[in-house]
Amino acid sequence: DTEVTQTPKHLVMGMTNKKSLKCEQHMGHRAMYWYKQKAKKPPELMFVYSYEKLSINESVPSRFSPECPNSSLLNLHLHALQPEDSALYLCASSQTDRGDTQYFGPGTRLTVL
Amino acid sequence: AQRVTQPEKLLSVFKGAPVELKCNYSYSGSPELFWYVQYSRQRLQLLLRHISRESIKGFTADLNKGETSFHLKKPFAQEEDSAMYYCALSGLGETSGSRLTFGEGTQLTVNP
């Protein structure tokens, strides 16, 4: 399996809901990432996990809570989001966190009402 | 701080014409440069990276440290090359290497 998979593909949630995004890879990569991408803009880094430990948090609001249960899985827990959080959320993975190529998932299109 | 600049938001060429997408960077350490491509309704995918020195789909890019550039070139554009192209930078072999910084992107349209 040489792809990063993400579920769900689309998610619509209200501002009081709690939901989670899921990302999975089976390439043996030890670094995993969450990015946020707005329309016609480049991806913006949110979090980096290296060997299942959070190594970078780019000052992301606490309503986004990442979790890395094991080396293949990455979750992003969402709670009390704002409409401006609507975006495409991308997951990526790489061999290590030392400048290796990052491989991206297809993303979850999130709409916050 | 690391920074990537792609001066052209939009680029339009005719099929068979040469194409060059410009990318300039700013980084104090040893940079690793990438070109990613995003075709319509597809995931972001790696096109090529400096360290592997490959030619993918006819595209090449040379790292010019003197001019801090990593321009993407193809001698004969094809209609299927129409996509959004992002230049990206990370620190090679450094703990900051995970911080991949993207340029704003260039939307390439190849007309028939």
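One can find the structure itself at the top, above this paragraph.
Here the structure is a predicted model, which means the values were calculated and not measured.

Residue and element names in this part refer to chain A. One open sheet holds the 4 strands; their spatial order is E1-E3-E8-E7, and the pairing between them is antiparallel. Both edges of this open sheet fall to strand E1 (4–7) and strand E7 (64–70), since each of them pairs with a single strand only. Across the sheet, the axes of successive neighbouring strands diverge by a mean angle of 20°, strand direction being ignored. Sheet topology note: the E1/strand E3 (residues 18–25) ladder contains 4 bridges and is antiparallel. Counterpart to Thr 5 in the pairing with E3 is Glu 24.

Residues and elements named next belong to chain A. Inspection of the secondary structure assignment puts Ser 86 in the loop between strand E8 (73–79) and strand E9 (87–94). Polar contacts involving the side chain of Ser 86 include one to the main-chain carbonyl oxygen of Pro 83, which spans 2.9 Å. Setting aside chain neighbours within four positions, we find Ser 86 in contact with Lys 38, Leu 110, Thr 111 and Val 112.

So, on to the layout of surface pockets. Approximately 660 Å³ is the volume attributed to the largest pocket. Among the elements of the structure, strand E11 (108–112) of chain A together with strand E9 (83–91) of chain B are those that each provide at least two residues to the lining of the largest pocket. Here the lining of the largest pocket is built from residues that sort into 7 nonpolar, 9 polar and 7 charged. Taken together, Thr2(A), Glu3(A), Val4(A), Gln102(A), Tyr103(A), Phe104(A), Tyr36(B), Arg43(B), Leu44(B), Gln45(B) and Leu46(B) make up the lining of the second largest pocket. Contributions of two or more residues to the lining of the second largest pocket are made by strand E10 (103–104) of chain A together with strand E6 (45–49) of chain B.

With that settled, consider the sheet that holds strand E7 (residues 60–61) of chain B. Reading across from one edge, E3-E8-E7 (chain B) is the order of the 3 strands in this open sheet, with antiparallel pairing throughout. The sheet is open, and its two borders are formed by strand E3 (19–21) and E7 of chain B, each paired with just one other strand.

Here we take up the interface of chain A and chain B. Taken together, the contact pairs 21 residues of chain A with 22 residues of chain B. For the chain A and chain B pair, buried surface summed over both sides reaches about 1900 Å², with 48% attributable to carbon and sulfur atoms. Our count for the contact surface shared by chain A and chain B stands at 3 salt bridges. Residue Arg99(B) is joined to Glu58(A) by a salt bridge in which the shortest nitrogen-to-oxygen separation is 3.1 Å. Linking chain A with chain B are 10 residue pairs in polar contact (both at pLDDT 80 or more), by the criterion used here. Element by element, the count of residues in the side of chain A that touches chain B is highest for strand E4 (residues 31–37) of chain A, at 3 residues. Each residue belonging to the side of chain A that touches chain B can be placed in one class, and the counts come to 10 nonpolar, 5 polar and 6 charged.

Here the focus is the nonpolar core. Counting residues in hydrophobic clusters, the biggest one holds 26 residues, and the most contacted among them are Trp35(B), Phe70(B), Leu72(B) and Tyr85(B). Setting aside chain neighbours within four positions, we find Tyr85(B) in contact with Gln6(B), Leu21(B), Trp35(B), Tyr36(B), Val37(B), Leu47(B), Phe59(B), Leu72(B), Gly105(B), Thr106(B) and Leu108(B). If you look at the next biggest cluster of nonpolar residues, it comprises 22 residues, including Val4(A), Met13(A), Trp34(A) and Val112(A).

Take the packing of aromatic side chains next. Residues and elements named next belong to chain A. Here the structure, examined in full by the defined rule, presents 10 aromatic pairs over all chains. Measuring from ring centre to ring centre gives 5.3 Å for Tyr 35 and Phe 104, while their planes differ by 45°; the resulting arrangement is tilted. Of this pair, Tyr 35 sits in strand E4 while Phe 104 is found in strand E10, placing the two residues 69 residues apart along the sequence. An angle of 35° between the planes, with centres 5.8 Å apart, marks the rings of Phe 64 and Tyr 89 as tilted. Separated by 25 residues along the polypeptide, Phe 64 in strand E7 and Tyr 89 in strand E9 bring together distant segments of the chain. For Phe 64, a relative accessible area of 5% corresponds to the buried category.

Here is what the cut-offs are and how they apply
- Residues numbered from 1 in each chain as written.
- Chains lettered and ligands numbered in written order.
- Predicted model: local features only at pLDDT ≥ 70, side-chain atom pairs only at ≥ 80, totals over all residues.
- Heavy atoms only, no water.
- Pairing = 2+ DSSP bridges.
- Helix = DSSP H or I, 4+ residues; strand = E, 2+ residues; numbered from the N terminus.
- Axes fitted to C-alpha atoms, helices over the stretch in contact; angles between N-to-C directions.
- Polar contact = N/O pair within 3.5 Å; in protein donor to acceptor, adjacent residues only side chain to side chain.
- Contact = heavy atoms within 4.5 Å.
- 1 Å grid on protein atoms, 1.4 Å probe; cavity = no way out; pocket = protein on both sides within 12 Å on 5 of 7 lines; lining within 4 Å.
- Points joined across faces, edges and corners; volume = space filled by probe spheres on them.
- Nonpolar A, V, L, I, M, F, W, Y, C, P; charged D, E, K, R; others polar.
- Buried area = accessible area lost by both parts, 1.4 Å probe.
- Salt bridge = Lys/Arg side-chain N within 4 Å of Asp/Glu carboxyl O.
- Core = buried A, V, L, I, M, F, W, Y, C linked by side-chain atoms within 4.5 Å.
- Buried < 20%, exposed > 50% of the residue type's maximum accessible area, 1.4 Å probe, protein only.
- Phe/Tyr/Trp six-rings, centres within 6.5 Å; stacked < 30°, edge-to-face > 60°.

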